[in-house]
Amino acid sequence: MDYNFAEIEAKWQAYWNKNKTFKAENKSDKPKYYILDMFPYPSGAGLHVGHPLGYIASDIYSRYMRLKGYNVLHPMGYDSFGLPAEQYAIQTGQHPAITTETNIKRYREQLDKIGFSFDWDREVRTSDPSYYKWTQWIFKQLFNSWYNKKSDKAEKIETLITEFERVGNSEVDAVCEETPAFTAEDWEGYDEKRQQEILLNYRLAYLSDVMVNWCPGLGTVLANEEVINGVSERGGYPVERKLMRQWSMRITAYAERLLQGLDKIDWSDALKEMQRNWIGKSRGAEVDFYLKDLPPTPSQGGGVGQHSDTSETQEKSTTPSYHTSSPEKYKLLIDKALEMRQNPTEGEKLMWELLRRDASGYHFRRQHVIDRFIADFVCLSKQLIIEVDGDIHDLQKEEDEGRTHELIKWGYTVLRFRNEEVTYNPSDVLSKIRKALSSLPDVKDNNTQGTPSPLSSGEGSGERSIKVFTTRPDTIFGVTFMVLAPEHELVEKITTPDRIDEVMTYAEEAKNRSERERMTEVKRVSGAFTGAYVTHPFTGEDIPIWVSDYVLAGYGTGAIMAVPSGDQRDWNFANHFGIDIIPVIDGSDIEKEANETKEGILINSDFLNGLQVPDAIKLAIEKIEGKGIGIGKTNYRLRDAIFSRQRYWGEPFPVYYKDGVPYMLEDSELPVTLPEVDKYLPTETGEPPLARAENWTTKEGYQPDYNTMPGWAGSSWYYLRYMDANNEGEFVSKEAVDYWGQVDLYFGGAEHATGHLLYVRFWTMFFKDMGYVNFDEPAKKLINQGMIQGVSSFTYRINGTKKYVSASLKNEFETTPVRVDISFVEGDELDIKKFKNWGPDYKDAEFELDNGKMFVTHEVEKMSKSKYNVVNPDEIIEQYGTDTLRMYEMFLGPLEQAKPWDTKGIEGVYRFLRKFWKLYTSKEAFDVSNDEPTKAELKVLHKTIKKIKDDIERMSFNTGVSAFMICVNELADLNCNKRAILEPLCVLISPFAPHIAEELWQQLGYTESISYAEFPEFKEEYLVEDSFSYPISFNGKTRFNMEIPLNIDKAEVEKLVIEAEQVKKYLEGKAPKKVIVVPNRIVNIVV
RNA sequence: GCGGGCGUGGCGAAAUUGGUAGACGCGCUAGACUUAGGAUCUAGUGCCGUGAGGCGUGGGGGUUCGAGUCCCUCCGCCCGCACCA
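Residues numbered from 1 in each chain as written. Chains lettered and ligands numbered in written order. Predicted model: local features only at pLDDT ≥ 70, side-chain atom pairs only at ≥ 80, totals over all residues. Heavy atoms only, no water.

Draft legend 1. The arrangement of the packing of helix α3 (residues 83–92) against helix α4 (residues 96–114) in detail. Close contact between α3 and α4 brings their axes to 9 Å; oriented N to C, the two are set at 125°. Judged by the angle between their axes, α3 and α4 are oblique. For the element pair α3 and α4, the recorded crossing hand is right-handed. Along the contact surface, α3 presents Ala85, Glu86, Tyr88 and Ala89, while α4 presents Pro96, Thr99 and Thr100. For the contact of α3 with α4, the residue count by class is four nonpolar, two polar and one charged. (Axes fitted to C-alpha atoms, helices over the stretch in contact; angles between N-to-C directions. Helix = DSSP H or I, 4+ residues; strand = E, 2+ residues; numbered from the N terminus. Parallel < 35°, antiparallel > 145°, perpendicular 65-115°, else oblique. Left-handed = near helix turned anticlockwise from the far one by under 90°. Contact = heavy atoms within 4.5 Å. Nonpolar A, V, L, I, M, F, W, Y, C, P; charged D, E, K, R; others polar.)

Draft legend 2. Structural detail: the pairing of strand β27 (residues 788–798). For β27, the buried fraction is high: eight of the eleven residues fall into the buried class. Bridge count between β27 and strand β33 (residues 857–862): six bridges; the pairing is antiparallel. Bridge assignment links Gln789 to a residue of β33, and that residue is Lys862. Here β27 pairs with strand β29 (residues 815–820) via six bridges, running antiparallel. Looking across to β29, one finds that Tyr796 is bridged to Pro817. Note: β27 against strand β28 (residues 803–805), two bridges, orientation antiparallel. In the sheet register, Tyr796 faces β28, and the bridge partner there is Val805. In this antiparallel pair of consecutive strands, β27 and β28, the connection spans four residues, and Gly800 shows a positive phi of 75°. (Buried < 20%, exposed > 50% of the residue type's maximum accessible area, 1.4 Å probe, protein only. Pairing = 2+ DSSP bridges.)

Draft legend 3. Main features of the sheet that holds strand β13 (residues 384–389). Ordered by their spatial adjacency, four strands build an open sheet running β11-β12-β13-β14, and the pairing between neighbours is mixed. With one partner strand each, in any of the chains shown, β11 (364–370) and β14 (413–418) form the two edges of the open sheet. For this sheet the average axis-to-axis angle between neighbouring strands, irrespective of direction, equals 40°. In the sheet, strand β12 (residues 373–379) pairs with β13 via three bridges, with the strands oriented antiparallel.

Draft legend 4. Just the pattern of salt bridges, in detail. Within this structure, the stated rule accounts for 46 salt bridges. Arg276 is the partner of Asp263 in a salt bridge, and the nearest nitrogen-oxygen pair spans 3.4 Å. One end of the pair, Asp263, is in the loop between α9 (255–261) and α10 (269–279); the other, Arg276, is in helix α10, and 13 residues separate them in sequence. According to the relative accessible area criterion, Arg276 is partly exposed, its value standing at 26%. Members of the salt-bridge network, linked through shared partners, are Lys20, Lys23 and Asp121. (Salt bridge = Lys/Arg side-chain N within 4 Å of Asp/Glu carboxyl O.)

Draft legend 5. Highlighting the packing of aromatic side chains. Evaluated as defined, the whole model comprises 78 aromatic pairs. Note on Tyr64 and Phe1015: the rings are 5.0 Å apart at their centroids and 85° apart in plane angle, and the pair reads as edge-to-face. Highlighted residues: Tyr64 in helix α2 (residues 52–67) and Phe1015 in the loop between α35 (994–1003) and β35 (1027–1034), separated in sequence by 951 residues. Judged by its relative accessible area of 6%, Phe1015 is buried. Between Tyr254 and Phe762, the ring centres sit 5.3 Å apart and the planes meet at 55°, which makes this aromatic pair tilted. Of the two residues, Tyr254 sits in the loop between β9 (240–249) and α9 while Phe762 sits in helix α27 (residues 756–770), which places them 508 residues apart along the sequence. Since its relative accessible area comes to 0%, Tyr254 is described here as buried. (Phe/Tyr/Trp six-rings, centres within 6.5 Å; stacked < 30°, edge-to-face > 60°.)

Draft legend 6. Region of the structure containing the protein's contact with RNA strand B. As a structural note, the neighbourhood of RNA strand B is formed by 46 residues, with Thr471, Tyr550, Arg569, Arg637 and Arg911 the closest of them. At the protein interface, 58% of the atoms of RNA strand B within 4 Å belong to sugar or phosphate. In the model, a phosphate oxygen of RNA strand B is placed 3.5 Å from a nitrogen or oxygen of the Arg954 side chain. Side-chain polar atom of Arg1039 to a phosphate oxygen of RNA strand B: 3.3 Å apart, as the coordinates give it. Breaking the surface near RNA strand B down by element, the ones donating at least two residues are α10, β15 (465–470), α31 (906–920), α33 (957–973), β36 (1037–1045), β37 (1074–1078) and β38 (1082–1086). Element by element, the count of residues in the surface near RNA strand B is highest for α33, at six residues. Per-class residue counts for the surface near RNA strand B are 19 nonpolar, 13 polar and 14 charged. (Near = heavy atom within 4 Å. Polar contact = N/O pair within 3.5 Å; in protein donor to acceptor, adjacent residues only side chain to side chain.)

Draft legend 7. Here's a closer look at α33. Under the 1.5 Å per step criterion, the end-to-end length of α33 is 24 Å for 17 residues, consistent within 8% with the ideal 24 Å. Those residues of α33 hidden inside the fold are in contact with α2, α30 (882–891), α31, α32 (935–953) and α34 (979–989). Note on α33: the residue one or two positions beyond its end, Asn975, has a positive phi of about 55°. (Expected span 1.5 Å × (residues − 1).)

Draft legend 8. Seen up close, the packing of α30 against α33. At a closest axis distance of 7 Å, the pairing of α30 and α33 adopts a crossing angle of 120°. The pairing of α30 with α33 is recorded here as oblique in orientation. On the side of α30, the interface is formed by Met887, Met890 and Phe891, while α33 contributes Phe957, Asn958, Val961, Ser962, Phe964 and Met965. Looking at the contact of α30 with α33 residue by residue, the classes come out as seven nonpolar, two polar and no charged.

Draft legend 9. The nonpolar core, seen in detail. Core analysis: the largest hydrophobic core is formed by 183 residues, its most contacted members being Trp763 and Leu985. When residues of this core are assigned to their parent elements, the largest contribution, ten residues, is made by α27. (Core = buried A, V, L, I, M, F, W, Y, C linked by side-chain atoms within 4.5 Å.)

Draft legend 10. Focus on a positive patch on the surface. A cluster of like positive charges, contributed by Arg911, Arg914, Lys915 and Lys918, occupies part of the molecular surface. Residue placement: Arg911 occurs in helix α31. Since its relative accessible area comes to 51%, Arg911 is described here as exposed. (Patch = residues over 30% accessible without salt bridge, like charges linked within 9 Å, V, L, I, M, F, W, Y side chains within 5 Å. Areas by Shrake-Rupley, 256 points an atom, 1.4 Å probe, with all protein chains shown as cover. Lys, Arg positive; Asp, Glu negative; His and termini not counted. Charge placed at Lys NZ, Arg CZ, Asp CG, Glu CD.)

Draft legend 11. A look at the side chain of Thr764. Within the secondary structure, Thr764 sits in helix α27. The buried category is assigned to Thr764, whose relative accessible area is 0%. With sequence-adjacent residues up to four places away left out, Thr764 is seen in contact with Tyr719, Val773, Phe775, Asp776, Glu777 and Pro778.

Draft legend 12. Quick peek at a nonpolar patch on the surface. Together, Ile1076, Val1078 and Ile1082 make up an exposed nonpolar region whose accessible area comes to about 180 Å². Within the secondary structure layout, Ile1076 lies in strand β37. The exposure class assigned to Ile1076 is partly exposed, which follows from its relative accessible area of 33%.

Draft legend 13. Spotlight on the confidence of the model for chain A. When the pLDDT values of chain A are averaged, the result is 86; 90% of them are 70 or greater. Looking over chain A, one finds the lowest element-wise mean pLDDT in helix α11 (residues 312–318), namely 27, and the highest in helix α25 (residues 718–721), namely 98. Considering only residues more than four positions removed or in separate chains, one finds that residues 295–327, a stretch of pLDDT under 50, has 66 contacts. Every residue in residues 444–462 scores below 50 in pLDDT, and together they form 43 contacts with partners more than four places removed in sequence or on other chains. For this predicted complex, the interface score ipTM comes out at 0.95, alongside a pTM of 0.84. (pLDDT = per-residue confidence, 0-100.)

Draft legend 14. View of the sheet that holds β36. With mixed pairing, the four strands of this open sheet are ordered in space as β36-β35-β38-β37. If you trace the sheet from one side to the other, it starts and ends with β36 and β37, each paired once. The average angle at which neighbouring strand axes cross in this sheet is 20°, direction not considered. Strands in contact with helix α36 (residues 1050–1059) are β35, β36, β37 and β38; relative to β36, the strand with the most contacts, it is inclined by about 120°.

Quick look at the structure:
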């Protein structure tokens, strides 16, 4: 009886479909297991043999887990919003929904042919309104949330509003944009618009003006990970920097949790490392370097209470703000302030009593944080600061003066009393305070009007200092210059008039140079001197300030303290421009290069001298903090994720604008469906395609958002939707998500390491904070299947002619390689006829053959239509059947490894399956005997059971297939056709080759699908032997084998071996030095 | 440059804990059956050598009775990040 795979496979695929064999229920007596594949984007090209690799592996595992008695959830769907359908729409005018529908249909047909055990009743499509309704709903939840650093989780925006109404934002510790300080009274006084603008600074989904990767070629903004080497990932168009008002996701709020969470999940080290790098945590310090030779500030002259007549821009930059966007720093200060509040000095205690009891009607705060200082007592409405100094302040006189100076600059009045004054002369102190209060103007109104918008608040450090971030504060004595990024806002302000032309020209050039150019010019050293200096905080030396493009505006503060002896880039710069290099680590040879190691003892570094680097870092931070010029800080490379795309084929935002401020629609108004447009291109005025829709709006009378969401929106939560795919009332029900929980096993490509796999973790953590799920990682275990590559073929054309030469002769001519479709190639030989028929360009081709043959060369590349190296699974299935395809893909090599597709080897697997079939059949019919199996047959079976179980569990499917081959070879040798062997074997192979297994199972007399049979139990007893063939080795070299009983001890084995004839031959009469016996393994004789 | 991974026959690869290197498959060689074979079956197949034997897991060194596996060092390839202070 022949193995008719075509008939068998069609039969069982129809059966599974009709009987919904793989339908999963949301409750069961069995334990649950959730196996997920990354869902595909349904492209027009269909599946190639590389796509199903991961699906086959996950399907084997799913089927295995069903046999092991689990309730398995194994769904599939489509990530069906995306660029290609839209690009196609631009070219042809066909609606992306139609293209997508067609492609999905084709995908489904191809998937069905491979025989996957998906529960198709749970299919999701991100582009379906019933799905993206909930993507929009999730966006709303993010909009209506903020990140509270105190509770270290996201909270509803209402809790923030309550806090604002209670005390303003001074005590709020949030991850947010820089926002000027306001009190509860201020908040109450703000109008709706102002309040909404402030809230926008805190929301997890927020609108702001950001520098984006603008891709004119695609007409849209791209995320960082969609930009590869300065060009777009899709299409390879150039990308430029542009300031645009965009939605962003505050993923940075989760930076630390995303980092820490990696330790809890079983993902590959390579992938975790990629995420760690992407998050890019670095510890160090943020330090202020004060500018030298500042012109005197007007406010200093008059002493008390004068406000400078500075212009609006200056006002902006001199307004002190609470650095709530530097949460660590702020938190540290707040903690310190709290501690000080709890441990007041005598004087402070008395002063607080005075101020609290005083009937002047002014509200004072104690130990209040202002910018980077903690003021003892502050009256905000009068901007009056009262400081009480103990004796220690005599030692810090200089520092106190610097601090007072700065506070005055910001418009504060500082009154300073000594401890004794307060203790012995309280009434005198009080009257001084009253006098000051009455002479000061009320600044409340000034405050609300003076700062135009909370969005435009400047850096708190104003013009007086330049803030830098460094991971090596210990090297501060090696600082010989400072560098600003060309985009740094202070460049223009600080540059001296004689240099302004040069510097601004340089900065403009650097800014306009594309990302790509900047990248390819990595090695080029360039820069310009501003003519300005900062003063070194410890040595007091003048430090020149330069501008250079090797400092990035987007990281840290956009400015660095340059330590040429400790940083190679600084060293290059210093050498190029002839700047001093001071070694600060003992033993550094700074002649040739910088010493970037974090080892050694500090020299030339005042109080740090003699310390090891780690200790020096600690002490340096302490000193910097003590001086009030900086603070220990952790920086992350991770940026907030831009969430707007200027495209048509994506989720519309559930948003409308009132007075320029975004508002969310009601849940009942969702989904906002995509409107029809005449063309899928931007409008003439450069607005996104949605702006073309006639009279389209999300809310009557208001402007909608014309952007759509990025591709990762829908894919960041689809794993939850599968749990409850048809729920119309919720994105997922609590019961469903509590039942299925985390994905137990997730299969997908490593190319999503810093995209999808980061975002899905981010959203999951957010859902956890909101209480929607009770886990904070989406997937416990992740397997990255390797890519199956294509083997491209090339022929060679003689330049300037239509003549092609055999690859063996290509060096004899001036030739250009030409890709040829691999279907024209058999082995190394080109089929000339097929090649000529390829198209008009090749019709008249001439050939220079080598011995009558036209050879080609091969190259392993990504499998892609454009490289003419695609192998379609349909063709393979047509020829060999899908059970062969499935097993062959697994047999190709380790799952996680990239490997080229090579169709040659498939014959071996096909032969194996036919051999397998033959075990169960005779020439004419199905033929299985009910005789008792022999010991040898049972041994083969149980050896295989053990091996297959182990191999599946450690995802070693290639060795699993080989174990089946060995098993079948051995059973064939034994002429075994016993039911007792073949029945369990059939179950064993069913995850790999389900169709043939189902057919044989039925022939064996079963009426139920094999999918829910029981995985055979391994019994050790069948493998037990009473002797073992020991390899006998001399000095580690194996010479021969010796059958030795297993029930004797080591000494007896040794005796048996030494006395053996063959051993004597090798000993040549000498006595062995030592004999090592490893039971059940080896005997080694040392001669 | 930094981080991760890898390097084993003609090819894809095995060797799970330091214990017989090359399982299994492709390819190749010879043979059988045969009108024929690109079907099937049998035998062989790491390299050198007629043989005994020797050599062999990128190179060099080390630890060990014993190393593909552990350590040091160098070389090569792949992937990711890339002026991240």
